[in-house]
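If you want the building blocks of each chain, they are given just below.
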Amino acid sequence: MATTNLSNYDKATIPNAKRFRFGIVVSEWNPDITENLYLGAEQAFIENGVTKENIIRWDVPGSFELIYGCKRMIETQKLDAIIAIGNVIQGETKHFDFVCDGVTQGIKDLNIKYDIPVVFCVLTDNTKQQSIDRSGGKHGNKGIECAIAAIKMAALREF
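### Re the layout of surface pockets
So, step 1. As a volume, the largest pocket reaches approximately 250 Å³.
So, step 2. If you trace the largest pocket, you find 15 residues lining it, with Trp-29, Asn-87, Val-88, His-95 and Val-99 closest to the centre.
So, step 3. For the lining of the largest pocket, the elements supplying multiple residues, two or more each, are strand S3 (81–89) and helix H3 (95–113).
So, step 4. Split by residue class, the lining of the largest pocket holds 6 nonpolar, 7 polar and 2 charged.

This is the structure:
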């Protein structure tokens, strides 16, 4: 369980992101959660100097498809970082484990293979309420946290 509000950050410590272009790949599964995560990320980007024209959004059917969506975005768009936004909620079968593991490993592989950071913004919660709490609820919005991570990683690429 998160112990801090995911949306809290010190703007003075964040590099100005005006010069960067970001991609966001959003899963359509659990859209109430993923849309809130997207809105949090978009808000944080804009608050830190990114223009709307420099935020590219693509939607994919589910979290497992985030990997291919991010790969194609890397290959076809000139970007400084990408955020993969998804939500997987524990059910009664092992499907949860396979999807979570596959998405985690796939995004890790993209970070190893390509020179574009892909930030993991996939909520993997036990309950819908936990996802709500982390997508704009009592624990803040993981989308904001991931946008800040994407800005920092984009700035790291300049070294």
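That shown, we press on.
### A few points about the packing of aromatic side chains
Aromatic ring pairs are reported here in terms of the distance separating the ring centres and the angle at which the planes meet.
So, step 1. Enumeration over the complete set of coordinates arrives at 2 aromatic pairs.
So, step 2. Seen in terms of ring centroids, Phe-20 and Phe-22 are 6.0 Å apart; in terms of plane orientation they differ by 75°. Their pairing is edge-to-face.
So, step 3. Geometrically, the ring pair formed by Phe-22 and Phe-45 is stacked, given 4.2 Å between the ring centres and 15° between the ring planes. Taken together, the residues Phe-22 in strand S1 (residues 22–27) and Phe-45 in helix H1 (residues 31–47) connect sequence positions 23 residues apart.
So, step 4. Its relative accessible area of 0% is what places Phe-22 among the buried residues.
So, step 5. Taking NZ or CZ as reference, Arg-57 lies 4.3 Å from the ring centre of Tyr-38, over its face.

### As for the pairing of S1
So, step 1. Within S1, 6 of the 6 residues are buried, leaving the element largely enclosed by the surrounding structure.
So, step 2. Going residue by residue along S1, you find Phe-22, Ile-24 and Val-26 tucked away on one face and Gly-23, Val-25 and Ser-27 tucked away on the opposite face as well.
So, step 3. Bridge count between S1 and strand S2 (residues 55–60): 6 bridges; the pairing is parallel. Bridging from a neighbouring strand, Ser-27 pairs with Val-60 of S2.
So, step 4. Handedness of the crossover is the feature at issue here: the chain leaves S1, passes through H1, returns alongside S2, and the resulting connection is right-handed.
So, step 5. Bridge analysis of S1 against S3 gives 5 bridges, and the strand direction is parallel. If you follow Phe-22 over to S3, its bridge partner there is Ala-81.

What counts as what
Residues numbered from 1 in each chain as written. Predicted model: local features only at pLDDT ≥ 70, side-chain atom pairs only at ≥ 80, totals over all residues. Heavy atoms only, no water. 1 Å grid on protein atoms, 1.4 Å probe; cavity = no way out; pocket = protein on both sides within 12 Å on 5 of 7 lines; lining within 4 Å. Points joined across faces, edges and corners; volume = space filled by probe spheres on them. Helix = DSSP H or I, 4+ residues; strand = E, 2+ residues; numbered from the N terminus. Nonpolar A, V, L, I, M, F, W, Y, C, P; charged D, E, K, R; others polar. Phe/Tyr/Trp six-rings, centres within 6.5 Å; stacked < 30°, edge-to-face > 60°. Buried < 20%, exposed > 50% of the residue type's maximum accessible area, 1.4 Å probe, protein only. Lys NZ or Arg CZ within 6 Å of the ring centre and 35° of its normal. Pairing = 2+ DSSP bridges. Right-handed = clockwise from strand over helix to strand, strands pointing away.

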